[in-house]
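Here's the letter readout for the chains.
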Number of protein chains: 2
Amino acid sequence: MRRRATLFLALVAGAATVSTAEDVRAAIEAGNKAFCAAVDRRDAAAVAALYTSTAQVLPPGGEIARGREAIQKAFQGAIDAGVKGLTLTALEVEPHGDTATEVGTWAMKGPDGATVDHGSYIVIWKNEGGQWRLHRDIWNSSTPPPAR
Amino acid sequence: MRRRATLFLALVAGAATVSTAEDVRAAIEAGNKAFCAAVDRRDAAAVAALYTSTAQVLPPGGEIARGREAIQKAFQGAIDAGVKGLTLTALEVEPHGDTATEVGTWAMKGPDGATVDHGSYIVIWKNEGGQWRLHRDIWNSSTPPPAR
């Protein structure tokens with residue numbers, strides 16, 4: 001009887017793990033969708049609100065932005081510089097308890113729908129009080145720099 | 001007696017956890033040192049050997065390099081383009097079982113010791129058969145692009 005109970009608990013735990021990994025990916029993909037929507041409506045405060053309170057953004061061409069205020073400022077700058085039409089594609093999501101790593105690619109499309117730039121990113125997500133939020137975020141462009 | 005044994009085991013487990021986090025950081029810092037040494041002696045094969053067999057490098061200015069052969073080629077290109085005098089500084093290392101995330105900064109120094117470029121990176125490390133290896137690796141430069 002004890003063996004059966006142990007087997008049952010192991011199966012339940014196994015099922016819960018599988019479900020959680022799918023849940024985490026779904027939550028992260030929903031977060032990415034909210035991120036792109038906020039960029040498209042030029043709402044840097046809404047972008048920053050998707051990050052943890054102690055988040056860090058490591059942008060190309062600038063120093064590390066620490067905390068939501070600095071992150072909002074960084075994205076305001078990007079939006080003012082013309083960033084829009086952003087899509088994020090999660091290639092891999094790996095949950096580890098309250099942390100999850102995401103490897104993905106991004107693309108930026110112009111008004112005519114053509115891709116004007118694309119690149120890669122890694123985000124370390126944290127579950128804060130039941131909500132998955134971006135905690136560490138780095139990206140770059142795959143476009144080769146202009147020849148000098 | 002059972003309670004004492006449980007307490008003892010909890011203390012041992014706690015001590016083991018602390019020791020492991022320090023061990024992981026030490027292993028990753030040793031990996032970074034080996035990485036910079038291999039770049040300095042222009043040994044792209046030795047750089048690639050520090051990665052897992054299924055690693056991915058997400059470089060700025062290029063597409064994702066998958067697997068050691070592609071990674072070696074990418075670093076050969078970087079070394080041929082003049083990358084040397086590299087230092088890596090781990091700002092944060094967070095182990096999660098066989099995975100660890102690292103957030104850090106890099107700097108490249110010229111022959112006169114002056115920093116010629118610097119930036120940030122995130123590496124997802126995996127412990128493969130007792131050896132910590134780079135598994136996912138992305139970086140960018142903090143230097144603003146030249147005005148157009």
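Thresholds, definitions, all that
- The residue numbering used here restarts from 1 in each chain and proceeds along that chain's sequence as written.
- A letter from A marks each chain and a number from 1 marks each ligand, given out in the order of writing.
- Totals for whole chains, interfaces and linings use all residues, but because this is a predicted model, local features are given only for residues with pLDDT of at least 70 and pairs of side-chain atoms are given and counted only at 80 or more.
- As a rule here, side-chain values cover all heavy atoms of the structure and leave hydrogens and water aside.
- Whether a residue is buried, partly exposed or exposed follows from its accessible area with a 1.4 Å probe, protein chains only, as a fraction of its type maximum: under 20%, in between, or over 50%, in that order.
- Strands are runs of DSSP state E lasting at least two residues, helices are runs of H or I lasting at least four, and both sets are numbered from the N terminus onward.
- By the convention used here, strands pair only if DSSP detects at least 2 bridges between them.
- When checking whether two residues touch, look at their non-hydrogen atoms; a contact exists if any pair is within 4.5 Å.
- Every axis in this analysis is a line fitted to C-alpha atoms, fitted for helices over the stretch in contact. Angles between the N-to-C directions lie between 0 and 180 degrees.
- Superposing the copies works by least squares over the C-alpha atoms of residues that have pLDDT at least 70 in both of them.
- Note on definitions: buried area is the accessible-area loss of two parts on being combined, 1.4 Å probe, summed for both.
- By convention in these notes, a salt bridge is any Lys or Arg side-chain nitrogen within 4 Å of a carboxyl oxygen on Asp or Glu.
- In protein, a polar contact means a hydrogen-donor-capable atom and an acceptor-capable atom, both N or O and within 3.5 Å, with residues adjacent in sequence counting only if both atoms are side-chain atoms; elsewhere, any N or O pair within 3.5 Å suffices.
- Charged residues are taken to be Asp, Glu, Lys and Arg, nonpolar residues to be Ala, Val, Leu, Ile, Met, Phe, Trp, Tyr, Cys and Pro, and polar residues to be all remaining types, Gly included.
- Under the pairing criterion, centres of Phe, Tyr and Trp rings, with the six-membered ring standing for Trp, must be within 6.5 Å; the plane angle then separates stacked pairs below 30 degrees from edge-to-face pairs above 60, leaving the rest tilted.
- Within this scheme, the nonpolar core is defined by two criteria: the residues are buried Ala, Val, Leu, Ile, Met, Phe, Trp, Tyr or Cys, and they are joined through side-chain atoms within 4.5 Å.

### As for the pairing of strand β1 (residues 51–58) of chain A
Residue and element names in this part refer to chain A.
Here comes step 1: Judged by how many residues are buried, β1 sits mostly within the fold: 6 of 8 residues are covered.
Here comes step 2: Sheet topology places β1 next to strand β2 (residues 65–66); 2 bridges connect them, and they run antiparallel. Residue pairing across strands places Gln56 opposite Arg66, the latter belonging to β2.
Here comes step 3: Counting the residues between successive antiparallel strands, the hairpin from β1 to β2 contains 6 residues, one of them, Gly61, with a positive phi of roughly 75 degrees.

### Brief notes about unusual backbone geometry
Here comes step 1: Positioned with a positive phi, Arg42 of chain A is a non-glycine residue whose angle comes to about 60 degrees.
Here comes step 2: Tracing the backbone shows Arg42 of chain A in the loop between α1 (2–40) and α2 (44–48).

### A look at the sheet that holds strand β3 (residues 86–96) of chain A
Within a sheet, each strand pairs with its neighbour through backbone hydrogen bonds, oriented either parallel or antiparallel.
Residues and elements named next belong to chain A.
Here comes step 1: If you trace the 6 strands from one edge of the open sheet to the other, you get β2-β1-β6-β5-β4-β3, paired in mixed fashion. Here the strands that pair on one side only, and so sit at the sheet edges, are β2 and β3.
Here comes step 2: Contacts between helix α3 (residues 68–80) and the sheet are confined to β1, β2 and β6 (131–141), with β1 contributing the most and set at about 45 degrees to the helix.

### Some words on the relation of the copies chain A and chain B
Related by rotation about an axis and a shift along that axis, the two copies of the chain form a pair.
Here comes step 1: The transformation that overlays chain A on chain B combines an axial shift of 0.0 Å with a rotation of 180 degrees, and the residual RMSD is 0.0 Å. Here the transformation between the copies is reduced to the relation of a two-fold axis.
Here comes step 2: Counting the interface residues of chain A, we find that 100% of their copies in chain B are interface residues as well, pointing to one common contact surface.

### Considerations on the sheet that holds strand β3 (residues 86–96) of chain B
All names here are of chain B.
Here comes step 1: One open sheet accounts for 6 strands, arranged β2-β1-β6-β5-β4-β3; its pairing is mixed. The open sheet has two edge strands with one neighbour each: β2 (65–66) and β3.
Here comes step 2: Across 10 bridges, the pairing between strand β5 (residues 115–128) and strand β6 (residues 131–141) is antiparallel. Looking at β6, one finds that Trp125 is bridged to Leu134.

### Points about the interface of chain A and chain B
Here comes step 1: With 33 residues of chain A in contact, the opposing surface of chain B contributes 33 residues.
Here comes step 2: Regarding the contact of chain A and chain B, the summed buried area is about 2,300 Å², with carbon and sulfur atoms giving 58% of it.
Here comes step 3: The three residues of chain A that bury the most area against chain B are Ile122, Ile138 and Asn140 of chain A, which together make up 21% of that side's buried surface.
Here comes step 4: Linking chain A with chain B are 4 salt bridges.
Here comes step 5: Residue Lys126 of chain B pairs with Glu94 of chain A through a salt bridge whose shortest N-O separation is 2.7 Å.
Here comes step 6: On inspection of chain A and its partner chain B, the count reaches 14 residue pairs in polar contact (both at pLDDT 80 or more).
Here comes step 7: Going through the elements one at a time, β1, β3, β4 (99–109), β5 (115–128) and β6 of chain A are the ones with two or more residues in the side of chain A that touches chain B.
Here comes step 8: For the side of chain A that touches chain B, a count of residues per class yields 13 nonpolar, 13 polar and 7 charged.

### Considerations on the packing of aromatic side chains
Here comes step 1: Counted under the stated rule, the structure contains 8 aromatic pairs over all chains.
Here comes step 2: Ring geometry for Phe35 of chain B versus Phe75 of chain B: centroids 5.5 Å apart, planes at 85 degrees, classification edge-to-face. Taken together, the positions of Phe35 of chain B in helix α1 (residues 2–40) and Phe75 of chain B in helix α3 (residues 68–80) put the pair 40 residues apart, joining distant regions of the chain.
Here comes step 3: Looking at Phe75 of chain B, the relative accessible area reads 9%, which means it is buried.
Here comes step 4: Judged by centre distance (6.1 Å) and plane angle (25 degrees), the rings of Phe75 of chain B and Trp139 of chain B are stacked. Of the two residues, Phe75 of chain B is situated in helix α3 and Trp139 of chain B in strand β6; the sequence distance between them amounts to 64 residues.
Here comes step 5: Through successive ring pairs, a cluster of aromatic residues spans Phe35, Tyr51, Phe75 and Trp139 of chain A.

### Details of the nonpolar core
Here comes step 1: Phe35, Val47, Tyr51, Ile71, Phe75, Trp125 and Leu134 of chain B are the most contacted members of the largest nonpolar core, which totals 29 residues.
Here comes step 2: For this core, the elements supplying multiple residues, two or more each, are α1, α2 (44–48), β1 (51–58), α3, β3, β4 (99–109), β5 and β6 of chain B.
Here comes step 3: Ranked by the residues each element gives to this core, the list is headed by α1 of chain B, at 6 residues.
Here comes step 4: Ignoring anything within four residues of it in the chain, the contact list for Phe35 of chain B reads Val47, Leu50, Tyr51, Phe75, Leu86, Leu88 and Leu134 of chain B.
Here comes step 5: Ala55, Ala65, Phe75 and Ile79 of chain A belong to the second-largest nonpolar core, a separate cluster that totals 28 residues.

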